[in-house]
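# Report on the structure
Listed below, chain by chain, are the residues.
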Amino acid sequence: MATSMLCIGDSLTYWNHGFDKYVSELAPTMFPAEAVGSEVKPGASLEDMLSESRFKRRIKDGAPGGNPWDVVVLQDDMPEASVEAFRRAARALVGCAKSAGCKRPILLAAWGYARLAAISTEVIANAHRELGSELGVEVAPVGRAFSVARERASAELGAGVAFELLGPDGEHPSPAGTFLMACTLIATLLLRGSETVATGWQQSWGCTEWRPAGVDEGTAEFLQDVAAQAVREWNAQ
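The notes below deal with the structure included here. In this text, all values refer to a predicted model and were calculated from it rather than measured experimentally.

### Examining the packing of aromatic side chains
- Counting across every chain of the model gives four aromatic pairs.
- Aromatic pair Trp111 and Phe146: ring centres 4.5 Å apart, planes at 15 degrees, arrangement stacked. Of this pair, Trp111 sits in the loop between strand E4 (104-109) and helix H6 (121-135) while Phe146 sits in helix H7 (residues 142-157), and the two are 35 residues apart along the sequence. The residues Trp111 and Phe146 share a single accessibility class, namely buried.

Here it is, written out as structure tokens:
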């Protein structure tokens, strides 16, 4: 069944033409392109977005056709703000989404980066876990998936394999990074608990074999497996 989705975030969301577009390419039956949208602002935190009426309005207006969004993904760039600012803004935007009829608001826990190193990937993950538990909403552990990918890459892909999740600036995702973001969101939506999933789980959910330019078949399969592992481990904690 088609699912509508709105992604709210900054350049981490819209980089590489938008991770929402990657979700539609990977799972077109579940997320057809016409049912997926985004509302973004460069360099903005969720608190910045909360102060602009267009973000709440986009949530309240609902999906094409007028129904509430099935999924609203909230991505904060926490190193650009603070943990407390994230909590304030995410609480308000989750509340807005629920009031508008969205049944599955999702917090996307991204990653830290060297330029603003005080807020690490671990700090981001912990803040999202705590708030997700408080609000009763799911978390897509993208930063954790990035960590798992790096831990496994050298052993499974071999030394010298070109494998970068971040682009040249060390902050924004590479195409492989955006692909992993999309896979992690899909796994968050479809994996329940910490159950073991057999190879080929993506195809069993109607996912395609699409991958972005520059990501070969082996790397794509590896990143899909990483996404499933990261979500299983997150759910088991």
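### Some remarks on the side chain of Ser4
- Relative to the helices and strands, Ser4 is located in the segment before strand E1 (5-9).
- Beyond its immediate sequence surroundings of up to four residues, Ser4 is in contact with Ala35, Ala63, Pro68, Trp69, Asp70 and Val71.

### Some words on the pattern of salt bridges
- According to the stated counting rule, one finds 15 salt bridges in the structure shown.
- With a shortest N-O distance of 2.7 Å, Glu39 and Arg54 are connected by a salt bridge. Residue Glu39 is found in strand E2 (residues 36-40), and its partner Arg54 is found in helix H4 (residues 53-61); the two are separated by 15 residues along the sequence.
- What makes Glu39 buried here is its relative accessible area of 14%.
- Of the charged contacts in the structure, one is a salt bridge between Arg104 and Glu138, with a shortest N-O distance of 2.5 Å. Remark: Glu138 occurs in strand E5 (residues 138-141) and Arg104 occurs in strand E4; sequence separation between them is 34 residues.
- One salt-bridge network, in which partners are shared between bridges, spans Glu39, Lys41, Glu52, Arg54 and Arg58.

### Some thoughts on the environment of Asp216
- Relative to the helices and strands, Asp216 is located in the loop between helix H9 (201-204) and helix H10 (217-236).
- Polar contacts involving the side chain of Asp216 include one to the main-chain amide nitrogen of Gly218, which spans 3.2 Å.
- Among the polar contacts made by the side chain of Asp216, one reaches the main-chain amide nitrogen of Thr219 at a distance of 2.7 Å.

### Things to note about the state of the cysteines
- For the structure on display, the rule yields zero disulfides.
- Considering cysteine sulfurs only, Cys102 is the nearest to Cys96, which forms no disulfide, with 9.9 Å between them.
- According to the relative accessible area criterion, Cys96 is buried, its value standing at 9%.
- Of the residues examined, Cys102 reaches a relative accessible area of 7% and is grouped as buried.

### Considerations on the nonpolar core
- Core analysis: the biggest nonpolar cluster contains 44 residues, and Met5, Phe19, Trp111, Leu180 and Leu185 have the highest contact counts within it.
- Elements supplying a minimum of two residues to this core: E1, helix H2 (19-26), strand E3 (71-75), E4, H7, helix H8 (175-190) and H10.
- Looking at this core element by element, the count peaks at nine residues for H8.
- When neighbours within four sequence positions are excluded, Trp111 is seen to be in contact with Leu12, Pro79, Thr121, Ile124, Val142, Gly143, Phe146, Leu166, Glu171, Pro173 and Met181.
- Of all hydrophobic cores here, the second largest spans 32 residues; its members include Ala63, Trp69, Ala125 and Leu131.

Cut-off values and rules
- Residues numbered from 1 in each chain as written.
- Predicted model: local features only at pLDDT ≥ 70, side-chain atom pairs only at ≥ 80, totals over all residues.
- Heavy atoms only, no water.
- Phe/Tyr/Trp six-rings, centres within 6.5 Å; stacked < 30°, edge-to-face > 60°.
- Helix = DSSP H or I, 4+ residues; strand = E, 2+ residues; numbered from the N terminus.
- Buried < 20%, exposed > 50% of the residue type's maximum accessible area, 1.4 Å probe, protein only.
- Contact = heavy atoms within 4.5 Å.
- Salt bridge = Lys/Arg side-chain N within 4 Å of Asp/Glu carboxyl O.
- Polar contact = N/O pair within 3.5 Å; in protein donor to acceptor, adjacent residues only side chain to side chain.
- Disulfide = S-S within 2.5 Å.
- Core = buried A, V, L, I, M, F, W, Y, C linked by side-chain atoms within 4.5 Å.

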